[in-house]
Amino acid sequence: MSFAKLILRRKTLLFAVGILLSLVVISIFSPYFVPYDPDALSLTDRLKAPSGAHFFGTDHFGRDIFSRTLVGTRVTFILGLSISAFALVFGVPLGVLSGYYDRVGMVIMRVIDALMAFPAIILALALMAIMGKPGMVNVIIAVGMVWAPRMVRVVYSSTLSLRENTYVEAARALGASSGRILVRHIAVNLLSPVIVQSTFTFAFSIMEVAALNFLGVGIPPYVPSWGGMMNEGRTYIIRAPWIIIFPGVFLALSVLSFNLLGDALRDRLDPRLRNIV
Amino acid sequence: MFSYIVRRAAGMVVSVLLVVTITFILMQLIPGDPASVLLGPNATPEQIAALNRTWGFDRPILVQFYKYFVNFLRGNLGESIFFRQPVLRIIGQRAETSVFLGIMALMVVVGLGIPAGVIAAVRPNSWVDTSLLLLALAGASIPSFWLGLMLMVVFAGKLHLLPSSGYTSVIATGNLANLKNLILPAFALGFVNAALVARTARSSMLDVLRADYITTAQAKGLRDSVVILKHALRNAAIPITTVISFTFASLVSGAVVTENVFALPGVGSLIVQSVLKRDYPTIQGIMLVVAVLYVVINFVTDLTYAFLDPRIRYR
């Protein structure tokens, strides 16, 4: 790698981390410093273009887009974290067991492959319909069920190659139990692929959550969310495109920085993961 | 080759079985009595009894599964609550839009992705390469529905170049100009995947360009275009084809939202409508059709590889 490219890498990583940190700060503190109440209606300020008073303009109820976009960061991050956690809790144990025990793996991986035959948004939509109501928990389950199988796949492939290592053989020869090998020798080494995959899970899941909210089947419309704002702004898209532009830019920046972080972590932690994750 | 086909076909059958089983189990999770859920709130007792006969909802679960499976094999995916028509027929009516949208999006994917990747590989670290890398990153991070909305603002709202929404059947009216309505959606949908294909095309071309036979071809004095297009691209084709076949699932996912953005009467907007109306038979039917299609496409791609690259058959 040339020196210039290394600097470029560093810069993109710095950029990604910078954006992420600002978004984290925004998601924690925005309700305390945004200029307007994100839900305050103001009929005299309907569909105002971005200005000094309203940095990102206003929507059809006169609500401040800047305040709503910043506050929407919180719900996005809560959902992204919960969905990644959901994928971890189900994906890691299932993946390890499938990778370590061939018979278990044969059954579980078949089911996982079949689950992955349903395109992400279709599975999530069907699960939302089955669970009946829009809501945070239901969104976490629906989108989590989409990403957990992908986590299983990654953990499974990594376990398959890890268990062939000489140190696993040595541990077995020394009489270590399967449980001990799984925890002390395999699970520990799964950390890098799991961290990398979680970063990508976060990126994809917030995009999918936004799509669900955009379609009106995610979280209830009274919670400000980027997807929900874009859905509400559709009617006024030609007259007031800023209702859609700004939440979209925030969403794209979040996804972009998580993707950059994931790429960087992958190259840093273990370049061989390129073929798996 | 024959034994390879048989092995893969058996795998495909197992996958289809599992897909059917998963949809069956999912539909069991809907709270409430299945017959009344499927018929909606206005069902008469006679209708409920008739539905119980066809699907066996009043029988043990294994009998239900058996009936479900037999109905699936006969192409009976149930009747839509909302449209009061067989689900398969409704999907058929909506298929044209989605298929044309998919084909046009695929043209964007291949037409933009492969040339971009090849150019970037031939001139690594040039401005073309760097901007491609940036575009690919952006493509992977921009939600397709947002891109669709932005294209709508610019090309339909400001420039008035292309229609912003709706689509009338080309097959029914014979008017090819209707395809204009699919240009913006196809671009919104294809762009993300084009970025992915470009990245793969770039890296597999870079690998191939280092091979000895490329040096030989250059040493023979062949023109660059011949070396790149004939010797390199052909050998880089397999990974590129893989990524293109992966794009099916992502195109379907994207189409669900894109059809909704551009008010296109396709299968994607049908499933969203059905979710909002709690039309479970339609949701289930679309899940089945899409997943089975996915399994079949995977099967065909695998066979294509085995045909293109004999080494695969012996793995």
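Here's a quick rundown of the structure.

## With respect to the overall build of chain B
(1) Moving on: Scanning chain B for helices and strands turns up 14 helices and zero strands.
(2) Moving on: Across chain B, helices and strands are ordered from the amino to the carboxyl terminus as α-α-α-α-α-α-α-α-α-α-α-α-α-α.
(3) Moving on: The long-range share in chain B, meaning contacts at least 24 apart out of those at least 6 apart in sequence, stands at 69%.
(4) Moving on: Summing over all exposed atoms, chain B offers an accessible surface of approximately 15,400 Å²; the carbon and sulfur share of this is 67%.
(5) Moving on: Each charge class in chain B can be summarised by its mean position, and for the 24 positive and 13 negative side chains these summaries are 5 Å apart.

## With respect to helix H7 (residues 178-186) of chain A
All names here are of chain A.
(1) Moving on: Those residues of H7 lying buried are Ile181, Leu182 and Ile186. The buried residues of H7 occupy an angular sector of 100° when projected down its axis, which confines them to one face. Facing away from the buried side of H7, by more than 90 degrees, are the exposed residues Val183 and Arg184.
(2) Moving on: Buried residues along H7 sit in contact with helix H2 (65-100), helix H5 (136-162) and helix H6 (166-173).

## Some points on the layout of surface pockets
To find leftover empty space, a probe the size of one water molecule is rolled over the atoms.
Residue and element names in this part refer to chain B.
(1) Moving on: Considered as a void within the structure, the second largest pocket measures approximately 610 Å³ in volume.
(2) Moving on: The wall of the second largest pocket is formed by 27 residues, among which Ser98, Val99, Phe248, Val252 and Leu293 lie closest to the centre.
(3) Moving on: When residues of the lining of the second largest pocket are assigned to their parent elements, the largest contribution, nine residues, is made by helix H12 (residues 237-261).
(4) Moving on: Partitioning the lining of the second largest pocket into residue classes produces 21 nonpolar, five polar and one charged.

## Quick look at the pattern of salt bridges
Residue and element names in this part refer to chain A.
(1) Moving on: On inspection of all chains with the given rule, the structure shows 13 salt bridges over all chains.
(2) Moving on: With a shortest N-O distance of 3.3 Å, Asp39 and Arg68 are connected by a salt bridge. Residue Asp39 is found in the loop between helix H1 (3-33) and H2, and its partner Arg68 is found in helix H2; the two are separated by 29 residues along the sequence.
(3) Moving on: A relative accessible area of 2% places Arg68 in the buried class.
(4) Moving on: Among the salt bridges present, the one from Arg63 reaches Asp59, with a minimum N-O distance of 2.9 Å.
(5) Moving on: For Asp59, a relative accessible area of 2% puts it in the buried group.

## With respect to the side chain of Arg63 of chain A
Residues and elements named next belong to chain A.
(1) Moving on: Mapped onto the secondary structure, Arg63 falls in the loop between H1 and H2.
(2) Moving on: Arg63 sits in the buried class, given a relative accessible area of 8%.
(3) Moving on: In this structure the side chain of Arg63 is engaged in a polar contact, spanning 3.1 Å, whose partner is the side chain of Glu232.
(4) Moving on: If we ignore the near neighbours within four places in the chain, the residues touching Arg63 are Pro38, Asp39, Ala40, Leu41, Gly57, Thr58, Arg68 and Glu232.

## Some thoughts on the nonpolar core
General note: in soluble globular proteins, nonpolar side chains tend to be found buried as a group.
(1) Moving on: Ile122 and Leu125 of chain A together with Val19, Phe145, Ile271 and Met287 of chain B are the most contacted members of the largest nonpolar core, which has 151 residues in total.
(2) Moving on: Examining the composition of this core, we find that 13 residues originate from one element, helix H14 (residues 280-308) of chain B, more than from any other.
(3) Moving on: When neighbours within four sequence positions are excluded, Met287 of chain B is seen to be in contact with Phe118, Ile122, Leu123 and Ala126 of chain A together with Thr23, Leu26 and Met27 of chain B.
(4) Moving on: Counting 19 residues, the second largest nonpolar core, distinct from the first, contains Ala201, Met205, Leu206 and Ala236 of chain B.

## Observations concerning helix H4 (residues 61-73) of chain B
All names here are of chain B.
(1) Moving on: With 13 residues, H4 should cover 18 Å at 1.5 Å per step; its first-to-last C-alpha distance of 18 Å lies within 8% of that length.
(2) Moving on: Among the residues of H4, those classed as buried are Gln64, Tyr68, Val70, Asn71 and Phe72.
(3) Moving on: Each element contacted by the buried residues of H4 is listed here: helix H1 (2-28), helix H3 (45-55) and H14.
(4) Moving on: Positioned one or two residues after H4, Gly75 has a phi angle of 80°, which is positive.

## Regarding the interface of chain A and chain B
(1) Moving on: Taken residue by residue, the interface counts 43 residues in chain A and 48 residues in chain B.
(2) Moving on: Together chain A and chain B conceal approximately 3,800 Å² of surface at their shared face, both sides included; 78% is due to carbon and sulfur atoms.
(3) Moving on: Contact with chain B buries area across many residues of chain A, yet Phe118, Ile122 and Ile130 of chain A alone supply 17% of it, more than any other trio.
(4) Moving on: Taken together, the connections running from chain A to chain B amount to one salt bridge.
(5) Moving on: Salt-bridge contacts for Arg199 of chain B lead to Asp263 of chain A; the nearest nitrogen and oxygen are separated by 3.6 Å.
(6) Moving on: Summed over the shared surface of chain A and chain B, the number is seven residue pairs in polar contact (both at pLDDT 80 or more).
(7) Moving on: Of all the secondary-structure elements, those providing two or more residues to the side of chain A that touches chain B are helix H3 (102-115), helix H4 (120-131), helix H8 (191-215) and helix H10 (242-269) of chain A.
(8) Moving on: Considered class by class, the residues forming the side of chain A that touches chain B number 34 nonpolar, four polar and five charged.

Parameters and conventions
Residues numbered from 1 in each chain as written. Chains lettered and ligands numbered in written order. Predicted model: local features only at pLDDT ≥ 70, side-chain atom pairs only at ≥ 80, totals over all residues. Heavy atoms only, no water. Helix = DSSP H or I, 4+ residues; strand = E, 2+ residues; numbered from the N terminus. Contact = heavy atoms within 4.5 Å. Areas by Shrake-Rupley, 256 points an atom, 1.4 Å probe, with all protein chains shown as cover. Lys, Arg positive; Asp, Glu negative; His and termini not counted. Charge placed at Lys NZ, Arg CZ, Asp CG, Glu CD. Buried < 20%, exposed > 50% of the residue type's maximum accessible area, 1.4 Å probe, protein only. Arc of directions from axis to C-beta. 1 Å grid on protein atoms, 1.4 Å probe; cavity = no way out; pocket = protein on both sides within 12 Å on 5 of 7 lines; lining within 4 Å. Points joined across faces, edges and corners; volume = space filled by probe spheres on them. Nonpolar A, V, L, I, M, F, W, Y, C, P; charged D, E, K, R; others polar. Salt bridge = Lys/Arg side-chain N within 4 Å of Asp/Glu carboxyl O. Polar contact = N/O pair within 3.5 Å; in protein donor to acceptor, adjacent residues only side chain to side chain. Core = buried A, V, L, I, M, F, W, Y, C linked by side-chain atoms within 4.5 Å. Expected span 1.5 Å × (residues − 1). Buried area = accessible area lost by both parts, 1.4 Å probe.

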